[in-house]
Amino acid sequence: MNNKITIYNMNESDIDQAAEIWQSCYNKYSFDNETFPSYWTHSSTEIKDFLIQKVKDGCAIAAEADGKIIGYLAYDAFNFNGEESVFCPSIGHAVIDDYADKAYPLLYQAAAKDWVSRNIFNHMWTINYNDTRLKKTLYDLGFGSYLIDAFARTDAKLDAASSYQIRKASANDAEILYSLVEESREYYASSPLFLKRDSYSIDDISQILTNGNVFIAFDNTIQVGFINLSVSQESNCIDLSVKNCGMIDEIGAYIKPEHRGNNLGKDLLKNVFNYCASNNIELIHVDFETANLFANKFWKKYFSPVLLSVRRTINKNIND
């Protein structure tokens, strides 16, 4: 086997092979876990469409050895929280197993050289959560954990019996939900998250209540938490959710700090599972920041992590 690896600009003729490499990697890390969406083991349409666009945009490179493509890296460039950034989603990279240790550092080295030359210092990747080898490679390069995407099956049995009253919210609950969402924004902005979340108006909250399924928890007459569930209308190759998948998204979920640890989170989740099971929704997706210490512990009890997003910030004075 020739160990020499060449990095070059990816061509459309490489896309079919690249998609096969990605599916092989996904199968390796998902085949024995029924909570991982099986749709992606046989469907490559969305992956190929993504790669076609990235090749046209000039945002894809490939690695070649022994006269064949052995891996690739494709990305989006955009403004993230006021900073020029690049993001390589899970479908934006894959390497044949035998070459992973050598090809991944070379792909990142080539891509990062271009990014930094354009003053793009915020680099983000999403990888298979169970790919510990790639995780170590990226951690050694200075990346750190940022976000987890996880799935659960709705036929899981949750036995919860908290003392709180939980009901599905109606349009009349807009002000109640608004106050909880505003409080959650303060929580996300605090240490150690330091995450600035979008603000919502009462009209925005009313729209969420109309389009989604929000469950609100009360301690007697005081609102103490909520969880929001929407249902996906199509498959999404970025977070690997599939059509008719439950999505704990947008405003997500929140419990007042003084009411955590009393089975309230489990009770809220039980209501979501019951709703999904009654509406033929087999899977639920959630994502959460790893720096959210409460969420990081809670969601992993009931959901299987599928994807891990990592982030690296380059010293801003490198081009001075």
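Just above sits the structure.
Residues numbered from 1 in each chain as written. Predicted model: local features only at pLDDT ≥ 70, side-chain atom pairs only at ≥ 80, totals over all residues. Heavy atoms only, no water.

## Overview of the packing of helix 8 (residues 264-278) against helix 9 (residues 293-302)
In plain terms, the rule: Only the contacting stretch of a helix is used when fitting its axis, a line to C-alpha atoms as for every element, and angles between N-to-C directions run 0 to 180 degrees. Segments assigned H or I by DSSP are reported as helices when at least four residues long, segments assigned E as strands when at least two residues long, and all are numbered from the N terminus. Any angle between 65 and 115 degrees counts as roughly perpendicular, while under 35 counts as roughly parallel, over 145 as roughly antiparallel, and the rest as oblique. Left-handed describes a crossing whose near helix is turned anticlockwise from the far helix through less than a right angle; right-handed describes the clockwise counterpart. Throughout, a residue-residue contact means that at least one pair of heavy atoms, one from each residue, lies within 4.5 Å. Note that Gly is not counted as nonpolar here; it falls among the polar residues with everything else outside the nonpolar set of Ala, Val, Leu, Ile, Met, Phe, Trp, Tyr, Cys and Pro and the charged set of Asp, Glu, Lys and Arg.
Where helix 8 contacts helix 9, the two axes come as close as 11 Å, and the packing angle between them is 45°. Taken together, helix 8 and helix 9 sit at an angle that is classed as oblique. When you trace helix 8 past helix 9, the crossing you get is right-handed. Here helix 8 contributes Gly-265, Lys-266 and Leu-269 to the contact with helix 9, which in turn contributes Phe-298, Trp-299 and Tyr-302. The residue makeup of the contact of helix 8 with helix 9, split by class, is four nonpolar, one polar and one charged.

## Comments concerning unusual backbone geometry
A cis geometry characterises the amide bond from Ser-191 onward to Pro-192, with omega recorded as 5°. Mapped onto the elements, Pro-192 comes out in the loop between helix 6 (174-189) and helix 7 (202-211). The phi dihedral of Glu-250 is positive, around 55°, even though this residue is not glycine. Looking at the element boundaries, Glu-250 is found in the loop between strand 12 (246-248) and strand 13 (253-255).

## Observations regarding the nonpolar core
In a soluble, globular protein the nonpolar side chains are often hidden away together inside. The criterion, for reference: We define the nonpolar core as a collection of buried residues of types Ala, Val, Leu, Ile, Met, Phe, Trp, Tyr and Cys that are connected through side-chain atoms lying within 4.5 Å of one another. Using a 1.4 Å probe on the protein chains alone, a residue whose accessible area is under 20% of its type maximum counts as buried, one over 50% counts as exposed, and one in between counts as partly exposed.
Counting residues in hydrophobic clusters, the biggest one holds 58 residues, and the most contacted among them are Leu-73, Trp-115, Trp-125, Ile-248, Leu-269, Trp-299 and Phe-303. Ranked by residues supplied to this core, first place goes to helix 4 (residues 100-117) with nine residues.

## Some words on the pattern of salt bridges
Operational definition: One side-chain nitrogen of Lys or Arg within 4 Å of one carboxyl oxygen of Asp or Glu is enough to make a salt bridge.
In this structure the tally under the stated criterion is 13 salt bridges. The shortest N-O distance in the salt bridge between Lys-48 and Asp-16 comes to 3.3 Å. Linking Lys-48 in helix 3 (residues 45-57) with Asp-16 in helix 1 (residues 15-30), this pair joins segments that are 32 residues apart in sequence. Judged by its relative accessible area of 26%, Lys-48 falls in the partly exposed class. On the accessibility criterion, Asp-16 (46% relative accessible area) is partly exposed. The partner of Arg-133 in a salt bridge is Asp-97, with the nearest N and O atoms 2.5 Å apart. With a gap of 36 residues between them, Arg-133 in helix 5 (residues 132-140) and Asp-97 in the loop between strand 6 (93-95) and helix 4 connect regions that are remote in the sequence. For Arg-133, a relative accessible area of 32% translates into the label partly exposed. Members of the salt-bridge network, linked through shared partners, are Lys-28, Asp-97, Asp-101 and Arg-133.

## Structural notes on a negative patch on the surface
Stated formally: For patch building, the residue pool is restricted to those with more than 30% relative accessible area and no salt bridge; the joining distance is 9 Å between like charges and 5 Å between nonpolar side chains (Val, Leu, Ile, Met, Phe, Trp, Tyr). For accessible areas, the Shrake-Rupley method is used with a probe of radius 1.4 Å. Any residue's cover is judged against the shown protein chains and nothing else. Note that His is not counted, nor are the chain ends; the positive residues are Lys and Arg, and the negative ones are Asp and Glu. The atoms used to mark charge sites are NZ of Lys, CZ of Arg, CG of Asp and CD of Glu.
Together, Asp-198, Asp-203, Asp-204 and Glu-250 give the surface a local cluster of negative charge. Here Asp-204 shows up in helix 7.

## Remarks on the sheet that holds strand 3 (residues 68-74)
Our working rule: By the convention used here, strands pair only if DSSP detects at least 2 bridges between them.
Taken together, four strands build an open sheet; the order of strands is 1-2-3-6 and the sheet is antiparallel. The open sheet has two edge strands, strand 1 (6-9) and strand 6, and neither has a second partner. This sheet shows a mean twist of 30° between the axes of neighbouring strands, independent of strand direction. One ladder, built from four bridges, connects strand 1 with strand 2 (residues 60-65); its direction is antiparallel. The partner of Thr-6 across the bridge, within strand 2, is Glu-64.

## Observations concerning the packing of aromatic side chains
Test applied: Each Phe, Tyr or Trp ring (for Trp, its six-membered ring) is paired with any other whose centre lies within 6.5 Å, and the angle between the two planes then decides the class: stacked below 30 degrees, edge-to-face above 60, tilted in between. Two conditions define a charge located above a ring, namely a distance within 6 Å from the ring centre to NZ of Lys or CZ of Arg, and an angle within 35 degrees of the ring normal.
Using the criterion set out here, one finds 18 aromatic pairs in the structure. Ring plane angle 10° and centroid distance 5.2 Å describe the contact between Trp-22 and Tyr-26, whose orientation is recorded as stacked. Of this pair, Trp-22 and Tyr-26 both sit in helix 1, separated by four residues, roughly a single helical turn. Here the two residues Trp-22 and Tyr-26 agree in accessibility, since each one is buried. Considering the side-chain rings of Tyr-39 and Trp-40, the 4.8 Å spacing of their centres and the 90° angle between planes classify their relative orientation as edge-to-face. Following the ring pairs from residue to residue traces out a cluster consisting of Tyr-75, Tyr-104, Tyr-108, Trp-115, Trp-125 and Phe-143. Across the ring face of Tyr-188, the terminal group of Arg-197 is positioned such that the distance to the ring centre comes to 4.0 Å. When the ring centre of Tyr-187 is taken as reference, the NZ or CZ atom of Arg-260 above it lies at 4.5 Å.

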